[in-house]
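# Understanding the architecture of this molecule
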Amino acid sequence: MSKYGSLNSMQQEAVAYTEGPLLILAGAGSGKTRVLTYRTAYLIEEKGVNPYHIMAITFTNKAAGEMRERIDKLVGFGSEGVWVSTFHSTCVRILRRYIERLGYDNSFTIYDADDQKALMKEVCRRLQIDTKIYKEKNFLGVISSAKDGLVSPEQFARQARGDFVRERQAAVYREYQAMLQKNNALDFDDLIGKTVELFEQVPEVLANYQERFRYVMVDEYQDTNTAQFRLIELLAGKYQNLCVVGDDDQSIYKFRGANIQNILSFEEIYPNAKVVRLEQNYRSTQNILDAANGVIAHNIARKDKALWTDNGQGSRIDFRQLDTAYEEADYIIRDIQGKVQGGKGSYGDCAILYRTNAQSRLFEERLVVANMPYRIVGGVNFYARKEVKDLLAYLKTIDNGSDDLSVRRIINIPKRGIGATTIGRVQAYAEEQGLSFYDALQQVDDIQAIRKAGGKIRPFVNFIQVMRSKLEYLSVSQVLQEVIDGTGYVKELEAENTEESRARIENIDELLSKAFAYDEAAETPTLSGFLEEVALVADIDSLQEGSDYVVLMTFHSAKGLEFPHVYMAGLEDGLFPSYMTILSDDLADLEEERRLCYVGITRAMSDLSITCARQRMIRGEMQYNTVSRFVQEIPRHLLGRGKTAALEKSQKEVQPQSFREAVSKVKPIFSTRNTYQSRNVSFPSANTSKATLEYQVGDRVAHMKFGEGTVSQIVEGGRDYEVTVDFDKVGTKKMFATFAKLKKV
DNA sequence: GTTAGAAACAATCCT
DNA sequence: TGTTTCTAAC
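A brief structural summary. The structure displayed is predicted, hence computed values, not measured ones.

### Things to note about the protein's contact with DNA strand C
In the vicinity of DNA strand C, the contacting residues are Lys117, Arg361, Arg619 and Gly620. Take the atoms of DNA strand C that sit within 4 Å of the protein: sugar and phosphate atoms are 50% of them. Separating a phosphate oxygen of DNA strand C from a side-chain N or O atom of Arg361 is a distance of 3.4 Å. In the surface near DNA strand C, the residues fall into no nonpolar, one polar and three charged.

This is the structure we're talking about:
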């Protein structure tokens, strides 16, 4: 048991209890991933369980990847047999094998949010519903929660009887589902729901998986919804060796169907369940934990627990209210700069957390000006960008001809002169004949209404057919390359030659390299396989540990992560907690928001900084907010500046008054042609004297991150030079000489 | 059929 | 404020 000696007694108990249901209530930072990995090792090495019989399920690819890595390290031989995967990937893998039993084709497509919206638009058109009055998003929300709760269209219709509004929703749900099936597509919720349906309708398939997965472990159990709960229940139904890990205080996904009852009543559902509590925190200082405990104690509906740590008191929590959101961003970025320059940590140790993605913009602006390395998680997904989606739609069309949505998306990309009229005619013909859109295109000669346009359609159909015939001997990246060449997509962008079009080409290159990486890594690469991998990645998955950049993300995305220095921004009533929850008449909404705050606080290891602004622009309107009620819930003695004197001094410089003073002094001296910069730039530390530059306009220079490029402009900006460089790989960037550390080559 | 410019509308949070 | 959709002119 030597390997397990490094675990505390509760952790050991959880590791060694292998038979029957087990609930591990793991507080934030209590080492739950550690327990899960050691438990897997224990099963294999001490209990002689075949790795093939063990399954560990998480929510994100990142979490799965981490667990995979740690298990491999710990177990060594045979560990690759353990099934470590996310809910969605697991289900896709099962469905790819068996979904034909439910009347779908095994090469089904997965629809993302954009696709869903487009499909819903079509549904509303068919049902003659005015989308000005009844929003697509609304219907999609209703359907999504129905699916999360395993309510079928038929059940929904039955429950809706007599209620006019619900009846219409039922009709939309039915049509939506029918069209998904016709397109041979599944939406995200279907992945789970259809797997449950498969297990319930085809007992032999279920029996097969029950026999395989004799030991099931589920991470972040508090986030499971009804469908996921049912899935787990079915899988573990035979052997009952179900180990779930979670923390009810970190349940923050009610809006996507998470049912907190799954964890709260685990002991009722499995009366013989053993419960282990992990309450020792290994991550944060006592002050940070006290703050977190202070906040969460205001929630009523929770399992009582108290986190403690050996880590010592640590510094106090730095709280500051700034005048505007701009000053808030300035303050935080200056503080990070101070920490890095003061040797207290690297950029990678710092995370800025906020409630809404929109808040990231201000920080990004400042970070660019300050020339600090950063990475924003979330926002617009890479795979949701136009150019990427266009190319993927080609791949989907080649892979699955029933996917009308994809075909319609690309039929006129690049421009082939096929407009709305022609598409409408093809559509009408397809509906009349009961064909898919693509099949109708193939029979274009038989469509009476189309004469001239036929000549424009035929080359498109030809192209797709040729690509399909090449599938056998081409790799995914080769197929993609041929699509790019055949359509002239990149050529067109090159001709445009704008900053935007260059960025798009870059994205396409990135897509190509992802396809290439997939070809290399996958055991048996297929087009379907690539498309599904692409559909299931989340932005957070690509976050690499050990990279040296400031990370920006929402509180939601931060769950499961930890950083030495955490900045919680925008703690204002109305923003966090949001107006939605403040005005809600369901008290549970505010409690969920409070849990989100708890999650944020407990991400911090050594330093926590909380900020808010008196006024900020929201949707073009000025909003005046007071300090968040959550801040008031932190015991007062924990707030303040427990930092070194040196750092405090540097912080003073960014105080609104002195900052403005500094600017007003500076402005008249230097020319007005650069007013924007004189006003907004956060200056490098005061004692940086303006060094002479070793390069001038026209010189070749090298940058740590951006590679090589040519200097196109140098502007004197007071204490520093603003240098514009045309980089070979990443395009034109403006930067300050002091930070950029450009080397002449 | 295509395009640009104006009007309308909109943000929680995510796999 | 930023994005999507609509409208009118090419």
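### Here we look at the packing of aromatic side chains
Tallied over the entire structure, the rule returns 18 aromatic pairs. Ring geometry for Phe59 against Phe87: centres 5.1 Å apart, planes inclined by 50°, an arrangement best described as tilted. Residue Phe59 is found in the loop between strand S2 (54-58) and helix H3 (61-75), and its partner Phe87 is found in helix H4 (residues 87-98); the two are separated by 28 residues along the sequence. Of the residues examined, Phe59 reaches a relative accessible area of 18% and is grouped as buried. Put simply, the rings of Trp83, Tyr98, Phe199, Tyr209 and Phe213 touch in pairs and so form one group of aromatic residues. Directly above the aromatic system of Trp83 lies the positively charged group of Arg93, at a separation of 3.9 Å from the ring centroid. Lys514 extends its terminal NZ or CZ atom over the ring of Phe382, reaching a point 5.3 Å from the ring centre.

### Digging into helix H16 (residues 360-370)
Of the residues making up H16, those classed as buried are Ser360, Phe363, Arg366, Leu367 and Ala370. Here the buried residues of H16 occupy an arc of 130° about the axis, which is enough to place them on one side. Asn371 sits one or two positions beyond H16 and adopts a positive phi of about 60°.

### So, the protein's contact with DNA strand B
Neighbouring DNA strand B are 26 residues; Arg355, Asn357, Ala358, Thr421 and Met580 lie closest to it. Backbone atoms, meaning sugar plus phosphate, form 53% of the atoms of DNA strand B positioned within 4 Å of the protein. Between a phosphate oxygen of DNA strand B and a side-chain N or O atom of Thr554, the distance comes to 3.1 Å. Elements that contribute at least two residues to the surface near DNA strand B include exactly helix H19 (420-433) and helix H26 (555-558). When the residues that make up the surface near DNA strand B are grouped by side-chain class, the tally is eight nonpolar, 12 polar and six charged.

### Some thoughts on the side chain of Gln210
The residue Gln210 is located in helix H10 (residues 203-212) in this model. The exposure class assigned to Gln210 is buried, which follows from its relative accessible area of 13%. Residue contacts for Gln210: discarding those within four places in its chain leaves Leu234, Leu235, Gly237, Lys238 and Tyr239.

### Concerning the pairing of strand S12 (residues 350-354)
With respect to burial, S12 is a largely interior element, five of its five residues being buried. Neither face of S12 is left uncovered, since the one carrying Cys350, Ile352 and Tyr354 and the one carrying Ala351 and Leu353 both have all their residues buried. Inspection of the sheet shows S12 paired to strand S15 (residues 563-568) by four bridges, in the parallel sense. The partner of Leu353 across the bridge, within S15, is Met568.

### Some thoughts on the sheet that holds strand S3 (residues 83-86)
Pairing is parallel across the open sheet formed by six strands, whose spatial order is S3-S2-S6-S7-S1-S8. Edge strands, defined here as strands with exactly one partner in the open sheet, are S3 and strand S8 (274-278). The sheet shows a mean angle of 15° between the axes of neighbouring strands, direction not considered. As paired elements, strand S1 (residues 22-26) and S8 share five bridges and run parallel to each other. Bridge assignment links Ile24 to a residue of S8, and that residue is Val276.

Here is what the cut-offs are and how they apply
- Residues numbered from 1 in each chain as written.
- Chains lettered and ligands numbered in written order.
- Predicted model: local features only at pLDDT ≥ 70, side-chain atom pairs only at ≥ 80, totals over all residues.
- Heavy atoms only, no water.
- Near = heavy atom within 4 Å.
- Polar contact = N/O pair within 3.5 Å; in protein donor to acceptor, adjacent residues only side chain to side chain.
- Nonpolar A, V, L, I, M, F, W, Y, C, P; charged D, E, K, R; others polar.
- Phe/Tyr/Trp six-rings, centres within 6.5 Å; stacked < 30°, edge-to-face > 60°.
- Helix = DSSP H or I, 4+ residues; strand = E, 2+ residues; numbered from the N terminus.
- Buried < 20%, exposed > 50% of the residue type's maximum accessible area, 1.4 Å probe, protein only.
- Lys NZ or Arg CZ within 6 Å of the ring centre and 35° of its normal.
- Arc of directions from axis to C-beta.
- Contact = heavy atoms within 4.5 Å.
- Pairing = 2+ DSSP bridges.
- Axes fitted to C-alpha atoms, helices over the stretch in contact; angles between N-to-C directions.

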